[in-house]
Amino acid sequence: MTTLLLAAHDGASIKDATLKALTAALAFGDDIHVLVAGDGVAGAATEAAKLKGVGRVLTAETPALGHGLAEPLAALIVALAPAYSAVLAPSTSTFKNALPRAAALLDVMQISDITAVLAPDTFERPTYAGNALLTVRSADPIRLITVRTASFRATPAEDRAPAPIETVAVPADPGLSTFVGDAFSTADRPELTSARVVVSGGRALGSEEQFKAVLLPLADRLGAAVGASRAAVDAGYAPNDWQVGQTGKAVSPDLYVAVGISGAIQHLAGMKDAKVIVAINKDAEAPIFQVADYGLVGDLFELVPELTKALG
Amino acid sequence: MKILVPVKRVVDYNVNIRVKADGSGVDLANVKMSMNPFDEIAVEEALRLREAGVATEVVAVSIGPKESQETVRTALAMGADRGIVLEADGIIEPLAVAKLLKAIVAEEAPGLVILGKQAIDDDSNQTGQMLAALLGWPQGTFASKLVLGDGGIEVTREVDGGLQTVRLALPAIITADLRLNEPRYASLPNIMKAKKKPIDLRSASQYGVDLTPRLTVLKTAEPPVRPAGRRLASVAELVDRLKTEAGVL
Ligand SMILES: Cc1cc2nc3c(=O)[nH]c(=O)nc-3n(C[C@H](O)[C@H](O)[C@H](O)COP(=O)(O)OP(=O)(O)OC[C@H]3O[C@@H](n4cnc5c(N)ncnc54)[C@H](O)[C@@H]3O)c2cc1C
């Protein structure tokens, strides 16, 4: 039996999310093949070939795959899946989009966002914003799984003889969708889901200008990624891809600093796996303090600049 | 063009759910139930397309216990034209829901199906993608903006790095993300009007879809509780503790 791991990558290299999903894949105890699908993936494939437990790397390249379009990517997964007992992917937006499509075409139930592999057919996954953890056993012949990367440590690359890399045939693009464009934040910061430190801001920041003026210096000082609550994103203080929570990104940094965030269950769902949580909030009763290791009660507009200075 | 909007009855997002002590599931007795918030956004988007003259009819459909009629009634009160409920008890997984929706699509022939991107109870984030697969239609998931043009639709999607825009042929499947719109509240007159709108109650079993779950839930557990932390008196103390006690600086 073999496990297929779908790699998140940027063409040149493998993303940290893949190294975390690899940890879940290794728990199956089977040989692992890695699929690197995209458009210009040589660098990423070379890296994938050196990962622990990987016996083969498959590459598939077309422009549509380069944009991660769901229809051709799902068609590719469907073509490859029957040779495997499990197909795992990190819970990135690309795979959350494509993998359920492949699952339905294979007539299997995807297991979303697993937090633990208990047996090759038995997994733990969160429901109700992480307030109920289910242990589920799959009856399907192939297990299609997305991995909640915040729940797994990365398995670093090894000094090993590289696994063979082979090109696989790409099924004809169903031609249902075309890429128009993207608007990616180009900030020179660590990625939210892999950063060691995350500084997040809430509604209390009051405006996009203040969000930036108050939080970015602190984030810079800490070498941190920046996150936000839904309220801050909805209000336009922060871009959508900064949202942390049940319906945004799940993060598990060493240090999470929540600034002017009340701590709604939907927000906690995305950050309560952080090793150390600091909360800064003027309301001593805010629920965020129930999960914070360290709390400062007071006005963020005074405390955050003071903290930034104290770290300098 | 007709728009089909599937809506799910879920525990209200404000409720702090409790796991049953024997690990057999989540205690749903006397808990407030509402329409899945993402589905409200889907209904709103469909209504806006009808109001803009692009769509002619909005049909809400729910799959679940009999009480799902209340959820469909909420969609009607928001402005949907009519409703369908496929009654089914127990856990109906996304794959089975998608198969039932495929049957409804065959009957209704909509040009668009707009769903919520995920239900806030099981957090699966699968149904829209699965329905698209079974129909062989394109999918625009996690949508934050829709622009309908001739013969196609441009969908701006919330993705990990920011936003991606794709163009889909019609008919298509859309799943709504939080920023697509702000759903309206049903006004009192519309709530009254909704009482007269038709809801077609059927049994899910009539579609010959195997509803047996593929995943067996062996156990439901509470997440580990984080030990309570402490309030600190000053920024200086915080920095000191982060350095010495927590060792994260
Ligand atoms: C379907 C759905 C999905 C959701 N998904 C998410 C999600 O993924 N992520 C998420 O975050 N939320 C999510 N939410 C929203 C969530 O329920 C909360 O509404 C949101 O997290 C609140 O954001 P906030 O804490 O910034 O705002 P608020 O709750 O308004 O809190 C602001 C806080 O700032 C404090 N404050 C105000 N002024 C100051 C000051 N000067 N100094 C210090 N503190 C100050 C206040 O005391 C308060 O605690 C979702 C909701 C729904 C319905």
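Placed above this text is the structure.
Residues numbered from 1 in each chain as written. Chains lettered and ligands numbered in written order. Predicted model: local features only at pLDDT ≥ 70, side-chain atom pairs only at ≥ 80, totals over all residues. Heavy atoms only, no water.

(A) Up close: the overall build of chain A. Helix and strand counts for chain A stand at 9 helices and 16 strands. Taken against the 2.2 N^0.38 rule, which gives 20 Å for 312 residues, the C-alpha radius of gyration of chain A at 20 Å falls within 12% of a compact globule. With the C-alpha coordinates of chain A rotated into their principal frame, the extents come out at 60 × 40 × 40 Å. Across chain A, the fraction of contacts at a sequence separation of at least 24, relative to all contacts at a separation of at least 6, is 65%. (Helix = DSSP H or I, 4+ residues; strand = E, 2+ residues; numbered from the N terminus. Rg over C-alpha atoms; globule rule 2.2 N^0.38 Å. Contact = heavy atoms within 4.5 Å.)

(B) Just the packing of helix H9 (residues 300-311) of chain A against helix H6 (residues 235-244) of chain B, in detail. For the pair H9 of chain A and H6 of chain B, interaxial distance at closest approach is 9 Å and the crossing angle is 50°. Taken together, the axes of H9 of chain A and H6 of chain B are oblique relative to one another. Here the hand of the crossing between H9 of chain A and H6 of chain B comes out right-handed. Within the contact between the two elements, H9 of chain A uses Leu303, Glu306, Leu307, Ala310 and Leu311 of chain A and H6 of chain B uses Val235, Leu238 and Val239 of chain B. (Axes fitted to C-alpha atoms, helices over the stretch in contact; angles between N-to-C directions. Parallel < 35°, antiparallel > 145°, perpendicular 65-115°, else oblique. Left-handed = near helix turned anticlockwise from the far one by under 90°.)

(C) Expanded view of the interface of chain B and chain A. Each partner contributes residues to the interface: chain B has 75 residues there, and chain A has 83 residues. Taking both partners together, chain B and chain A bury about 6,600 Å²; carbon and sulfur atoms supply 55% of that area. If you look at where chain B meets chain A, you find 5 salt bridges. With a closest N to O distance of 2.9 Å, Arg179 of chain B and Asp234 of chain A form a salt bridge. Applying the counting criterion to the chain B and chain A interface returns 49 residue pairs in polar contact (both at pLDDT 80 or more). Counting only elements with at least two residues in the side of chain B that touches chain A, the list comes to helix H3 (94-108), helix H4 (127-135), strand S7 (139-149), strand S8 (152-159), strand S9 (162-169), strand S12 (215-221), strand S13 (230-231) and H6 of chain B. When grouped by side-chain class, the residues that make up the side of chain B that touches chain A number 38 nonpolar, 17 polar and 20 charged. As judged from the 7 bridges shared by strand S11 (residues 177-184) of chain A and S9 of chain B, these two strands associate in the antiparallel manner. Directly across from Asp182 of chain A, in S9 of chain B, lies its bridge partner Gln164 of chain B. (Buried area = accessible area lost by both parts, 1.4 Å probe. Salt bridge = Lys/Arg side-chain N within 4 Å of Asp/Glu carboxyl O. Polar contact = N/O pair within 3.5 Å; in protein donor to acceptor, adjacent residues only side chain to side chain. Nonpolar A, V, L, I, M, F, W, Y, C, P; charged D, E, K, R; others polar. Pairing = 2+ DSSP bridges.)

(D) Summary view of the site of the ligand. Around the ligand lies a shell of 29 residues, among which Arg203, Ser229, Gln243, Ser262 and Asn281 of chain A are the nearest. Around the ligand, the nearby residues trace back to chains A and B. Separating an oxygen atom of the ligand from a side-chain N or O atom of Gln243 of chain A is a distance of 2.7 Å. Between a nitrogen atom of the ligand and a main-chain N or O atom of Leu300 of chain A, the distance comes to 2.9 Å. Considered on its own, the ligand offers 990 Å² of accessible surface; in the complex 85% of this is hidden by protein. For the shell around the ligand, the elements supplying multiple residues, two or more each, are helix H7 (230-234), helix H8 (265-271) and H9 of chain A together with helix H1 (37-51) of chain B. Here the residues of the shell around the ligand are counted per class, giving 11 nonpolar, 13 polar and 5 charged. (Near = heavy atom within 4 Å. Areas by Shrake-Rupley, 256 points an atom, 1.4 Å probe, with all protein chains shown as cover.)

(E) Region of the structure containing the environment of Leu47 of chain B. All names here are of chain B. Tracing the chain through its elements places Leu47 in helix H1. The class of Leu47 is buried, set by a relative accessible area of 0%. As a C-alpha pair, Leu47 and Pro183 span 136 residues in sequence and 9.8 Å in three-dimensional space. Ignoring anything within four residues of it in the chain, the contact list for Leu47 reads Val58, Met78, Gly79, Ala80 and Arg184. (Buried < 20%, exposed > 50% of the residue type's maximum accessible area, 1.4 Å probe, protein only.)

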